[in-house]
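Okay, here's what each chain looks like letter by letter:
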Amino acid sequence: MKILKNASSFKILTPVAELKDQLLRIERAGRTCYQSEIKEINWETAEKFVKMLIKRGHESVLEHSYLTVQFNNLSRGFTHEQVRHRLTAISQESTRYVDYAKEGEDVDLDKLELKCVVPPHLDERKKVDLGDGRKMSAEEMFQEYENFYRALRKSGWLPEEARQFLPIGVKSQIVISANFREWRHIFEMRTSQFAHWEIRKVMGDLLEELKGIIPGIFDDLAEIGKDQNGLRFFGKVKSQN
Ligand SMILES: Cc1cc2nc3c(=O)[nH]c(=O)nc-3n(C[C@H](O)[C@H](O)[C@H](O)COP(=O)(O)OP(=O)(O)OC[C@H]3O[C@@H](n4cnc5c(N)ncnc54)[C@H](O)[C@@H]3O)c2cc1C
């Protein structure tokens, strides 16, 4: 069993040049509405234009876009929250077809390893009282999950059967695609102070990176505070222009 702490990451799968081009496309589409075509559309005019669209609440124009992101070393709990967003395309690591005991083509149940995500602000080695004289830490509990899962597999249970006993903290991977309007909605919901720490952390990091790549689209979403564990939360702020 391997503990994953502060190990979450993401990879933007849409090439940067493609993301920037989409900004120009949004301006071109939006100017059709207003019949306000200009000679040259460039990054500067596009940034100004999308900010205007967002300010006016004319966000349907942002739908002329697409962004794909891969999320790594996050829990099954995280992916379950992510898949609630219906206006997305989703591909997620399977607990049926991925065999935790597989190395290449070989299956070695003695080498089976579960990777489990823990809250970074808590001590997974601290024991808690089970109330029957025993004490156990979160790390030990995850180890028990792995032991039991392995025992089931050794007794003939298939991955798709033994998965009933995987913890919600088990590591997963997911790829999400959506248009910029939907990503704005996801960021608003999942980086707020009410969002779960795991999704809030990775979505906050992704938001910051995207703001540096495609100006204008996410500028009104900014860090507005930190919780008691020092984890940032975001919210809508007034745009400068
Ligand atoms: C802090 C927090 C706590 C939560 N707690 C719970 C909980 O306890 N239990 C629970 O079940 N869920 C919970 N959720 C999930 C939440 O209820 C939503 O399912 C999830 O955030 C997806 O949001 P959405 O439906 O707005 O967005 P999306 O599915 O991303 O859709 C985007 C927008 O498109 C529109 N839309 C999409 N589909 C339809 C449709 N069929 N009809 C009309 N309009 C549509 C809506 O305007 C929607 O806001 C929680 C979410 C957060 C952020």
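Please read these numbers as outputs of a predicted model, since none were measured by experiment.

Caption draft 1: Representation of the nonpolar core. Counting residues in hydrophobic clusters, the biggest one holds 39 residues, and the most contacted among them are Phe71, Trp183, Phe187, Met203, Leu206, Leu210 and Phe218. Among the secondary structure elements, those contributing two or more residues to this core are strand S2 (9–12), helix H1 (16–34), helix H2 (43–56), strand S3 (67–75), strand S10 (171–178), helix H6 (180–190) and helix H7 (197–213). Top element by residues in this core is H7. It accounts for seven residues. Sequence-distant contacts of Leu210, defined by excluding residues within four places in its chain, comprise Ile12, Leu19, Leu67, Phe187 and Phe218. Val118, Tyr149, Ala162 and Val170 belong to the second-largest nonpolar core, a separate cluster that totals 14 residues.

Caption draft 2: Region of interest: the pattern of salt bridges. All told, the structure shown has 21 salt bridges when counted by the stated rule. Salt-bridge contacts for Glu59 lead to Arg184; the nearest nitrogen and oxygen are separated by 3.2 Å. Residue Glu59 is found in the loop between H2 and S3, and its partner Arg184 is found in helix H6; the two are separated by 125 residues along the sequence. With respect to class, Glu59 is no different from Arg184; both count as buried. Of the charged contacts in the structure, one is a salt bridge between Asp227 and Arg200, with a shortest N-O distance of 2.9 Å. Separated by 27 residues along the polypeptide, Asp227 in the loop between strand S11 (221–226) and strand S12 (232–236) and Arg200 in helix H7 bring together distant segments of the chain. Across the pair, Arg200 and Asp227 agree in class, each one buried. When salt bridges that share partners are traced, they join Lys201, Asp205, Glu208, Glu223 and Arg232 into one network.

Caption draft 3: How the structure looks around unusual backbone geometry. Unusually for a residue other than glycine, Asn6 sits at a positive phi of about 55 degrees. At Asn73, a position not held by glycine, the phi torsion is positive, near 55 degrees. By the element assignment, Asn73 lies in strand S3. The partly exposed category is assigned to Asn73, whose relative accessible area is 25%.

Caption draft 4: The arrangement of the packing of H6 against H7 in detail. The contact between H6 and H7 brings their axes to 9 Å, and the two run at 135 degrees. Considering their axes alone, H6 and H7 lie oblique with respect to each other. Relative to H7, H6 is oriented so that their crossing is left-handed. In contact with Trp183, Ile186, Phe187 and Arg190 of H6, H7 contributes Ile199, Arg200, Met203, Leu206, Leu207 and Leu210. Of the residues that constitute the contact of H6 with H7, the class distribution is eight nonpolar, no polar and two charged.

Caption draft 5: A look at the packing of aromatic side chains. Applying the stated criterion to the full structure yields nine aromatic pairs. With 6.2 Å between their ring centres and 65 degrees between their planes, Tyr34 and Phe49 make a pair best called edge-to-face. Of this pair, Tyr34 sits in helix H1 while Phe49 sits in helix H2, and the two are 15 residues apart along the sequence. Relative to Tyr149, the ring of Tyr100 lies with its centre 5.8 Å away and its plane at 70 degrees, an arrangement referred to as edge-to-face.

Caption draft 6: Examining the side chain of Arg200 more closely. You can call Arg200 buried: its relative accessible area is 5%. For Arg200, the side chain forms a polar contact with the side chain of Asp227, separated by 2.9 Å. Once residues lying within four places of it in the same chain are set aside, the contact partners of Arg200 are Arg190, Thr191, Ser192, Gln193, Ala195, Asp227, Leu231, Arg232 and Phe233.

Caption draft 7: Up close: the site of the ligand. Every residue near the ligand is listed here: Arg84, His85, Arg86, Leu87, Glu182, His185, Met189, Arg190 and Phe194. Glu182 places a polar side-chain atom, nitrogen or oxygen, 2.4 Å from an oxygen atom of the ligand. When the ligand is considered free in solution it has 940 Å² of accessible area, and contact with the protein chains removes 47% of it. A class-by-class count of the residues in the shell around the ligand yields three nonpolar, two polar and four charged.

Definitions and limits used
Residues numbered from 1 in each chain as written. Predicted model: local features only at pLDDT ≥ 70, side-chain atom pairs only at ≥ 80, totals over all residues. Heavy atoms only, no water. Core = buried A, V, L, I, M, F, W, Y, C linked by side-chain atoms within 4.5 Å. Buried < 20%, exposed > 50% of the residue type's maximum accessible area, 1.4 Å probe, protein only. Helix = DSSP H or I, 4+ residues; strand = E, 2+ residues; numbered from the N terminus. Contact = heavy atoms within 4.5 Å. Salt bridge = Lys/Arg side-chain N within 4 Å of Asp/Glu carboxyl O. Axes fitted to C-alpha atoms, helices over the stretch in contact; angles between N-to-C directions. Parallel < 35°, antiparallel > 145°, perpendicular 65-115°, else oblique. Left-handed = near helix turned anticlockwise from the far one by under 90°. Nonpolar A, V, L, I, M, F, W, Y, C, P; charged D, E, K, R; others polar. Phe/Tyr/Trp six-rings, centres within 6.5 Å; stacked < 30°, edge-to-face > 60°. Polar contact = N/O pair within 3.5 Å; in protein donor to acceptor, adjacent residues only side chain to side chain. Near = heavy atom within 4 Å. Areas by Shrake-Rupley, 256 points an atom, 1.4 Å probe, with all protein chains shown as cover.

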